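Residue-level listing of the chains:
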Amino acid sequence: MALTEIFNVNLAQTLSHKDRTLMTHILLVEDDPAIAMSLKVTCKREEWQITWLDNASSVLPMLRSDKAQDLSAIILDVGLPDGDGLSLCQQIRHSTDIGPLKDVPVVFLTARSDEVDRILGLEMGGDDYCAKPFSPRELVARLKAIWRREQLLSQQSTTPATTSDEMAEPASSHQSEQVRTFECQSGVWHYQPLNYSLMWQEHKLELSNTERNILLTLLQAPNQVFSREQLLSAVSDYPDHRLARTIDSHIKSIRKQLAAVDSSVDVIHTHRGLGYALCPA
């Protein structure tokens, strides 16, 4: 039987002069009670709610339940007693019965320090990772960076600037529902910040957070050629430039999805020796 514990705290967060209330709910999947308790204390200081599961088999049922409706992120241990956290993340990303939760940010906890393992985690759909032993405060900072980055990428160019304090939490249900439209050589794109939905040629793209953020970065400057390092920096506040080659894998995955919609259009252009852009040279 899974060890589960929900720590209820006062989660009211004042994000602006409009007193918008934000529920921050973290799912922690970790079999080490000491690590779980340490993260509990840290999350309580942030006035976050944390649900703790100690095995892999309980995760998807939890995500299908009402308890996960307000989930903001998953902290996922790679080495679980009954499964592999990397494979579990891939299952989450490809699940069709958990709605928008399949795109919830995932941060891996891993005792593996090899570069290959970190690359694999990012390619399997992870948004970031922390190598054990780690500082709980660093993990919190990484989560806030993911949320802040998603909000920055989803903002309309005409939206008034938001302070860093306002963007240090996941998007609230009261955020703008305005759809952002991009028109470029490959066609018309629509991005809905409310549910992080990106559409091309009236087809919704099933993208990971990283893939979506790469595309949004390219869409905001379609004539600009972005190097791998620039794209990595755009989608991560803690870029390890030794992992810049993971961008190639994400681009390959994006191209596969775009080709399924319309294989006659070459959307992302490779500029040899330079990087990627939406417009050809």
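Conventions used here
- Residues numbered from 1 in each chain as written.
- Predicted model: local features only at pLDDT ≥ 70, side-chain atom pairs only at ≥ 80, totals over all residues.
- Heavy atoms only, no water.
- Axes fitted to C-alpha atoms, helices over the stretch in contact; angles between N-to-C directions.
- Helix = DSSP H or I, 4+ residues; strand = E, 2+ residues; numbered from the N terminus.
- Parallel < 35°, antiparallel > 145°, perpendicular 65-115°, else oblique.
- Contact = heavy atoms within 4.5 Å.
- Nonpolar A, V, L, I, M, F, W, Y, C, P; charged D, E, K, R; others polar.
- Salt bridge = Lys/Arg side-chain N within 4 Å of Asp/Glu carboxyl O.
- Buried < 20%, exposed > 50% of the residue type's maximum accessible area, 1.4 Å probe, protein only.

(A) Geometry of the packing of helix α6 (residues 209-220) against helix α8 (residues 246-261). Taken N-terminus to C-terminus, the directions of α6 and α8 make an angle of 85°; their axes are 10 Å apart at the nearest point. Classed by the angle they form, the pair α6 and α8 counts as roughly perpendicular. For the pair α6 and α8, contact is made by Thr-210, Glu-211, Ile-214 and Leu-215 and by Ile-247, His-250, Ile-251, Ser-253, Ile-254 and Gln-257, respectively. Grouping the amino acids of the contact of α6 with α8 by side-chain chemistry returns 5 nonpolar, 4 polar and 1 charged.

(B) Inspection of unusual backbone geometry at higher detail. A cis amide bond, omega -5°, links Lys-132 with the succeeding residue Pro-133. With respect to the helices and strands, the residue Pro-133 is situated in the loop between β8 (128-131) and α5 (136-154). Located in the positive-phi region is Glu-47, a residue other than glycine, with phi close to 60°. On the secondary structure map, Glu-47 appears in the loop between α1 (33-45) and β3 (49-53). Within the chain, Gln-201 stands out as a residue other than glycine whose phi angle is a positive 55°. Looking at the secondary structure, you find Gln-201 in the loop between β11 (197-200) and β12 (203-204).

(C) Main features of the pattern of salt bridges. All told, the structure shown has 10 salt bridges when counted by the stated rule. Here Glu-46 and Lys-144 are joined by a salt bridge, their closest N and O atoms 2.9 Å apart. Taken together, the residues Glu-46 in the loop between α1 and β3 and Lys-144 in helix α5 connect sequence positions 98 residues apart. Relative accessible area serves as the criterion here: at 23%, Glu-46 is assigned to the partly exposed category. Close ionic contact of Arg-228 with Asp-248 constitutes a salt bridge, the shortest N to O distance being 2.7 Å. Remark: Asp-248 occurs in helix α8 and Arg-228 occurs in helix α7 (residues 228-235); sequence separation between them is 20 residues. Using a relative accessible area of 26% as the deciding quantity, one classes Arg-228 as partly exposed. By sharing partners, the salt bridges in this structure join Glu-30, Asp-77 and Lys-132 into a single network.

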